[in-house]
Amino acid sequence: MKPSDAHVLRLLPTGLRLAPSQVWGTLRLVPILRDTVREDLRFHRRAYDDALSVVRVDGRPSSGRGLHYVSYVPHGLVMDWDDRGAAVTLGTQLDAPEGSVLARRGPFTVRLLHRMARREDKNRLRLLPLHLAMEGFLSLHFGGPDIAWREYSQDALRHGLDPRIEGSVPGGALPAFAEALRIFELHARQVGVLIFQADLLLSVTLVSHPDDYRRLHRALVEDFYGELMLQYGYLGQVPPLSLDVDEQEIGSVGELRAAITRMREHWADFQGFMAGGLWGAEVHARTVYQAGPFQLRRFITSLRPSEENHLGECIQRDDGTLEYLKTYRLSSAQTKRAYLLQQLSAGDWELERTAARLKTTREELALRLENAGFGHLLRPHVLDAARRQRKSSR
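Think of each chain on its own: its residues are numbered from 1, step by step along the sequence as written. Only residues with pLDDT of 70 or above have their local features reported here, since the model is predicted, and side-chain atom pairs are shown and tallied only from 80 upward, although totals for entire chains, interfaces and linings are computed over all residues. Neither water nor hydrogens contribute to the side-chain values; these are computed over all heavy atoms in the structure.

### Regarding the overall build of the protein
Strands here are runs of E lasting at least two residues and helices are runs of H or I lasting at least four, both read from the DSSP assignment and numbered beginning at the N terminus. Secondary structure summary: the protein contains ten helices and 20 strands in total. Classification of residues uses two cut-offs on accessible area relative to the type maximum, computed with a 1.4 Å probe and protein chains only: under 20% is buried, over 50% is exposed, and between them is partly exposed. The buried share among the 394 residues of the protein stands at 49%. We call two residues contacting when some pair of their heavy atoms lies within 4.5 Å. Contacts spanning at least 24 positions in sequence make up 66% of the contacts within the protein whose residues lie at least 6 apart. Of the roughly 19600 Å² of accessible surface on the protein, a fraction of 50% belongs to carbon and sulfur atoms. Note on areas: these come from Shrake-Rupley sampling with a 1.4 Å probe, and a residue is covered only by the protein chains present in the view.

Put into structure tokens, the structure is as follows:
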């Protein structure tokens, strides 16, 4: 299925509720509950034991040419759906070896996979969770300058941003995270979780069915997260939410039950407010695959440097119900890099025009590109002139 043009999408948590959070050190995990569980979309995990995966993003499987994404990919997700809304029968998944081995060093292998989202059967799709979204982020303006402006290096004009690299932190890098996933309670209707680090939203995971989430819960430690996972991982402890019931207003069991219900609603409202940068927010989305009544999309938030920013992927029904969600919080440095590329593209990669958009000078823009890790795009004499200009203005 060919992807559509980007459009604005609102991630509405219709039919979902937030349960009281559970706290372990600086981690706060907020369970997501689903009011109505349907049986026509199911997920299961496919484990990969390879040290590294090379995913062919474009080009034919038999061809060595094309664009490739390289990362450690611990597992994929296989989604099965029914077009008529009937229950999907589990237990029939065929997890045959996927892709071809490119290199082997003892127990370590490098495997070639084809596509981030790959159809395997009439109603079965394999996707690589979060990597689908990160590949879209890395490919933003990947081709580099469209016009051969003389300020750019020959490598930039010939190869664009190839290679484009971003770093992340595996969940297993913080032992407290694995411990929290092990000991925290799972609710009967839990289908996901908001993950906060020092009360900053780090990631959201959501699937369609509680049984599927229960099987995937411990595997969250294999996902990758932003640098806040480690940056705030050893700060101490975040306080639990401290909403209390006024005992003077309680005169019966019914009043106590109603007070506890209100308290939990207040908890959910506050936790939703904490996640307001993403939960219910507008994002810029692009459809990757149409699977019957379900649309697989990847998205990114505004990329304004003054705001928190997230990328991710989601699956929605035709009626807008959110059935799958996986997100990653961008660091400040990652946001700035993407924002600069966005502004350069909007200015047709002309430094003077882009500098005017950013209300700065051509020289300052060149130095900002260098500080962001894009200095290789510019010719050395452009950067030298910018450094001299800054030095003389001091």
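### Section: the packing of helix H7 (residues 332-346) against helix H9 (residues 362-374)
Under this scheme, a helix contributes an axis fitted over its contacting stretch, all axes are lines through C-alpha atoms, and angles between N-to-C directions fall in the 0 to 180 degree range. Across the interface, H7 lies against H9 with an axial gap of 10 Å and an inter-helix angle of 135 degrees. With respect to H9, the element H7 is oriented oblique. Handedness of the crossing formed by H7 with H9: left-handed. Packed against H7, whose contacting residues are Arg 337, Leu 340, Leu 341 and Leu 344, the element H9 presents Leu 365, Arg 368, Leu 369, Ala 372 and Phe 374 at the interface. Angles below 35 degrees are treated as roughly parallel, those above 145 as roughly antiparallel, those between 65 and 115 as roughly perpendicular, and all remaining angles as oblique. Crossings are classed by handedness, with left-handed meaning an anticlockwise turn of the near helix from the far one by less than a right angle and right-handed meaning a clockwise turn.

### Some points on the environment of Cys 314
Checked against the element boundaries, Cys 314 lands in strand S19 (residues 310-317). Between the C-alpha atom of Cys 314 and that of Ala 285, which follows or precedes it by 29 residues, the distance is 9.3 Å. Cys 314 has contacts with Leu 9, Leu 11, Gln 295, Leu 296, Arg 297, Phe 299, Leu 322, Tyr 324 and Leu 325, leaving out every residue within four places of it along the chain.

### Comments concerning the packing of H9 against helix H10 (residues 380-393)
For the pair H9 and H10, interaxial distance at closest approach is 9 Å and the crossing angle is 115 degrees. Considered as vectors, H9 and H10 are oriented roughly perpendicular to each other. At the point where H9 passes H10, the crossing takes the left-handed sense. Residues Glu 363, Glu 364, Ala 366, Leu 367 and Glu 370 of H9 touch H10, and the partners they reach there are Val 382, Leu 383, Ala 385, Ala 386, Arg 387, Gln 389 and Arg 390. Three classes are used: nonpolar for Ala, Val, Leu, Ile, Met, Phe, Trp, Tyr, Cys and Pro, charged for Asp, Glu, Lys and Arg, and polar for all others, with Gly counted as polar. Residues belonging to the contact of H9 with H10 are distributed by class as follows: six nonpolar, one polar and five charged.

### Points about the sheet that holds strand S6 (residues 52-56)
Strands pair in a sheet through their backbones, by hydrogen bonds, and they do so in one of two ways: parallel or antiparallel. By definition, two strands form a pair when at least two bridges between them are found by DSSP. The sheet built from four strands is open, its strands ordered S7-S6-S10-S9 with mixed pairing. Across the chains shown, the open sheet's two edge strands, defined by having one partner strand only, are strand S7 (68-71) and strand S9 (100-105). Averaged over all pairs of adjacent strands, the angle between their axes in this sheet comes to 15 degrees, without regard to strand direction. Pairing between S6 and S7: four bridges, direction antiparallel. Directly across from Val 54, in S7, lies its bridge partner Val 70.

### Concerning the environment of Ser 153
For Ser 153, the location among the structural elements is in the loop between helix H1 (131-138) and helix H2 (154-159). Each C-alpha atom, one on Ser 153 and one on Val 382, is 9.8 Å from the other, the two residues being 229 residues apart in sequence. Residues within four places of Ser 153 in sequence aside, it is in contact with His 376, Leu 377, Leu 378 and Arg 379.

### With respect to the sheet that holds strand S12 (residues 124-127)
Pairing within the open sheet is antiparallel, and its four strands lie in the order S5-S8-S12-S11. Two strands close off the open sheet at either side, each with one partner strand: strand S5 (41-47) and strand S11 (117-121). Sheet twist, expressed as the mean angle between neighbouring strand axes with direction ignored, is 25 degrees. Where S5 and strand S8 (residues 75-81) come together, seven bridges link them in antiparallel fashion. Bridging across to S8, Arg 46 finds its partner in Gly 76.

### Overview of the side chain of Arg 111
Secondary-structure assignment places Arg 111 in strand S10 (residues 108-114). Arg 111 sits in the buried class, given a relative accessible area of 16%. In the analysis that follows, any N or O atom pair within 3.5 Å is treated as a polar contact, provided that within protein one partner can donate a hydrogen and the other can accept it, and provided that, for residues neighboring in sequence, both atoms belong to side chains. Here the side chain of Arg 111 touches Asp 50 through a polar contact of 3.0 Å, side chain to side chain.

### Looking at the pairing of S10
Judged by how many residues are buried, S10 sits mostly within the fold: five of seven residues are covered. One ladder, built from five bridges, connects S6 with S10; its direction is parallel. Following the sheet pairing, Val 54 is matched in S10 by Leu 112. Relative to S10, S9 is paired through five bridges, and the arrangement is antiparallel. Looking across to S10, one finds that Arg 104 is bridged to Thr 109.

### Some thoughts on the nonpolar core
With 54 residues, the main nonpolar core has Met 79, Phe 177 and Leu 296 as its most contacted residues. Apart from residues lying up to four places away in sequence, Leu 296 is in contact with Ala 117, Leu 125, Leu 127, Leu 132, Arg 286, Thr 287, Val 288, Tyr 289, Cys 314 and Ile 315. Residues grouped as a nonpolar core are buried Ala, Val, Leu, Ile, Met, Phe, Trp, Tyr and Cys residues, joined through side-chain atoms within 4.5 Å.

### Description of H10
Take the number of residues in a helix, subtract one, and multiply by 1.5 Å to get its expected span. Across its 14 residues, H10 extends 20 Å between first and last C-alpha, which sits within 8% of the 20 Å expected from 1.5 Å per residue. All of the buried residues along H10 are Val 382, Leu 383 and Ala 386. Buried residues in H10, looked at end-on, bunch into an arc of 95 degrees, giving them a common side. Opposite the buried face of H10, at more than 90 degrees from it, the exposed residues are Pro 380, His 381, Arg 388, Lys 391 and Ser 392. Each element contacted by the buried residues of H10 is listed here: helix H8 (351-357) and H9. Here, the arc refers to the directions that run from the helix axis to the C-beta atoms.

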